[in-house]
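Letter by letter, the chains look like this.
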Amino acid sequence: MSNRPELKAPPEIFYNDVEARKYTSSSRIIEIQAKLSERALELLALPDDGVPRLLLDIGCGSGLSGETLSENGHQWIGLDISRSMLDIALEREAEGDLLLKDMGQEMRQLLLTVYAGLGLRPGVIDGAISISAVQWLCNADKSSHEPRLRLKAFFGSLYRCLARGARAVFQVYPESLAQRELILSSAMRAGFAGGVVVDYPHSSKSRKEYLVLTCGPPSINTELPKAKLEDGESCSDDESSGDEENQTVYISDRHRPRKKQKTTKKGKGREWVLKKKEQLRRKGNVVPQDTKYTARKRKARF
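- An unreviewed UniProt entry lists the protein under the name 18S rRNA (Guanine-N(7))-methyltransferase, from Xanthoceras sorbifolium.
- The Sequence similarities (unreviewed entry) comment attached to the protein in UniProt states, word for word, "Belongs to the class I-like SAM-binding methyltransferase superfamily. BUD23/WBSCR22 family."

Here it is, written out as structure tokens:
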């Protein structure tokens, strides 16, 4: 993970003219992008009725993933923060509409401005994909960047753009379990239902994670697709390994009722307080460090 580009520099700096051209001219990267885009499109589970859909390609880069969308007969809008990448997409005559935009900021207003002349309204985008882009939001590249707030802005604006029942599929490279949990929890708070599908979970090279989200509350249609195994078969959650890192993760019941907290006459103890503080840390909140005074008992004063 140490050689991941998101750990080296912000995307608009890392993907300069030289790096963007080298990225797009690599036959290996072109092949990988095509496979990832095909899988993302498969997980979108669009109706097979021959009707073209309007899709978002978030972090579209030089349009490699957009080519897969065009080959399957869909129209698409591409967003990227790197001007160099978009310039190459124009050179390659990408069929989608390209927008220079930071996905960590509000997307909805820009889309409304650009497409007002076409009569588009919020909620008419039929689906969204993103290949190796969302994890960039977990980095604070500027003093004004707060990963938790950027993820909130991203998923909130995406939710308003999508039609109810539409899916969004993001292929991601989370740096850690905590980062995966931060991305998932941000999506759930925005209103999405879904979870993570892990293809080839036991392979260090072929393992790929896809965040599969449905716009709207959980329902029968929000059931996650099955992951792929090394032998080409698919597996369900029951068949996957017991290892937490290697199994398909389901987080579809967003509106589950809250459990009643058990309280005693003495109130909540130190163990409960430490547990709650740890939960807040996993969500990306700033929490004071634990000390010997945490949850200490105070004398009654009158």
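**Focus: the overall build of the protein**
Then, number 1: The helix and strand inventory of the protein stands at nine helices and ten strands.
Then, number 2: Burial statistics for the protein: of 302 residues in total, 44% are counted as buried.
Then, number 3: Long-range contacts, defined here as pairs at least 24 residues apart, represent 65% of the contacts in the protein between residues at least 6 apart.
Then, number 4: Total accessible area on the protein is roughly 17,600 Å²; 49% of this is exposed by carbon and sulfur atoms.

**Examining the environment of aspartate 17**
Then, number 1: Relative to the helices and strands, aspartate 17 is located in helix H2 (residues 17-25).
Then, number 2: Residues aspartate 17 and aspartate 87, spaced 70 residues apart in sequence, show a C-alpha to C-alpha distance of 8.9 Å.
Then, number 3: At 2.5 Å, the side chain of aspartate 17 and the side chain of serine 84 are in polar contact.

**Regarding the packing of H2 against helix H5 (residues 83-91)**
When two helices pack together, their arrangement is given by the angle between the helix axes and by the axis-to-axis distance.
Then, number 1: Between H2 and H5, the least distance of the axes is 8 Å, while the angle of their chain directions is 45°. One finds that H2 runs oblique with respect to H5. Two packed elements cross with a definite hand, and for H2 against H5 that hand is right-handed. Contacts between H2 and H5 involve Asp17, Ala20, Arg21, Tyr23 and Thr24 from the former and Ser84, Met85, Ile88 and Glu91 from the latter.
Then, number 2: Among the residues forming the contact of H2 with H5, the class breakdown is four nonpolar, two polar and three charged.

**Quick word on the environment of tyrosine 159**
Then, number 1: Within the secondary structure, tyrosine 159 sits in helix H7 (residues 147-161).
Then, number 2: On a C-alpha basis, the gap between tyrosine 159 and alanine 187 in space is 9.0 Å, while along the polypeptide they are 28 residues apart.
Then, number 3: Non-local contacts of tyrosine 159, meaning those with residues more than four positions away in its chain, are made with Arg164, Ala190, Gly191, Phe192, Cys215 and Gly216.

**Focus: the pattern of salt bridges**
Then, number 1: Counted according to the given criterion, the structure contains 14 salt bridges.
Then, number 2: Arginine 21 serves as the salt-bridge partner of glutamate 91, at 3.3 Å between the closest nitrogen and oxygen. Residue glutamate 91 is located in helix H5, and its partner arginine 21 is located in helix H2; the two are separated by 70 residues in the primary sequence.
Then, number 3: Arginine 21 sits in the partly exposed class, given a relative accessible area of 45%.
Then, number 4: Put simply, arginine 150 and aspartate 102 hold a salt bridge, and the shortest N to O gap is 3.1 Å. A residue pair is termed long-range when its members are at least 10 positions apart, and arginine 150 in helix H7 and aspartate 102 in the loop between strand S3 (97-100) and helix H6 (108-114) qualify at 48 residues. There is no split in this pair, since arginine 150 and aspartate 102 are both buried.

**Quick notes on H7**
The α-helix winds at 3.6 residues per turn, so residues separated by three or four positions along the chain end up facing the same way.
Then, number 1: Here H7 is 15 residues long and its end C-alpha atoms lie 21 Å apart, about the 21 Å a rise of 1.5 Å per residue gives.
Then, number 2: For H7, every residue scored as buried is listed here: Pro147, Arg150, Leu151, Phe154, Phe155, Gly156, Ser157, Leu158, Tyr159 and Cys161.

**What to know about unusual backbone geometry**
Then, number 1: Notably, glutamate 93 is not glycine yet its phi reads approximately 55°, a positive angle.
Then, number 2: Within the secondary structure layout, glutamate 93 lies in the loop between H5 and S3.
Then, number 3: The residue serine 132 is not glycine, and still its phi comes out positive at about 55°.
Then, number 4: Tracing the sequence through the fold places serine 132 in the loop between strand S4 (125-131) and H7.

**Observations regarding the packing of aromatic side chains**
Then, number 1: This model, assessed by the stated rule, comprises eight aromatic pairs.
Then, number 2: Ring geometry for phenylalanine 14 and tyrosine 15: centres 4.9 Å apart, planes at 90°, overall edge-to-face.
Then, number 3: The exposure class of phenylalanine 14 is buried, given its relative accessible area of 18%.
Then, number 4: Tyrosine 15 gets classed as buried once you look at its relative accessible area, which sits at 14%.
Then, number 5: Members of the aromatic cluster, connected to one another through ring pairs, are Phe154, Phe155, Tyr159, Phe170 and Phe192.

**Focus: the side chain of aspartate 199**
Then, number 1: Along the chain, aspartate 199 falls in strand S6 (residues 192-199).
Then, number 2: Polar contacts involving the side chain of aspartate 199 include one to the side chain of arginine 39, which spans 2.7 Å.
Then, number 3: Leaving out residues up to four positions away in the same chain, aspartate 199 has contacts with Arg39, Ser206, Arg207, Lys208, Tyr210, Ala227 and Lys228.

**Some thoughts on the nonpolar core**
Then, number 1: Counting residues in each nonpolar core, the largest one holds 36 residues, and the members touching the most others are Phe154, Phe155, Leu158, Leu162, Phe170 and Phe192.
Then, number 2: When contributions to this core are tallied by element, the ones reaching two or more residues are strand S1 (54-58), strand S2 (75-80), S4, H7, strand S5 (162-172), helix H8 (177-190), S6 and strand S7 (208-215).
Then, number 3: Listed in part, the 19 residues of the second largest apolar core include Ala40, Ile131, Val212 and Leu224.

How each quantity is defined
Residues numbered from 1 in each chain as written. Predicted model: local features only at pLDDT ≥ 70, side-chain atom pairs only at ≥ 80, totals over all residues. Heavy atoms only, no water. UniProt positions renumbered as here; feature names shortened; annotations may be inferred. Helix = DSSP H or I, 4+ residues; strand = E, 2+ residues; numbered from the N terminus. Buried < 20%, exposed > 50% of the residue type's maximum accessible area, 1.4 Å probe, protein only. Contact = heavy atoms within 4.5 Å. Areas by Shrake-Rupley, 256 points an atom, 1.4 Å probe, with all protein chains shown as cover. Polar contact = N/O pair within 3.5 Å; in protein donor to acceptor, adjacent residues only side chain to side chain. Axes fitted to C-alpha atoms, helices over the stretch in contact; angles between N-to-C directions. Parallel < 35°, antiparallel > 145°, perpendicular 65-115°, else oblique. Left-handed = near helix turned anticlockwise from the far one by under 90°. Nonpolar A, V, L, I, M, F, W, Y, C, P; charged D, E, K, R; others polar. Salt bridge = Lys/Arg side-chain N within 4 Å of Asp/Glu carboxyl O. Expected span 1.5 Å × (residues − 1). Phe/Tyr/Trp six-rings, centres within 6.5 Å; stacked < 30°, edge-to-face > 60°. Core = buried A, V, L, I, M, F, W, Y, C linked by side-chain atoms within 4.5 Å.

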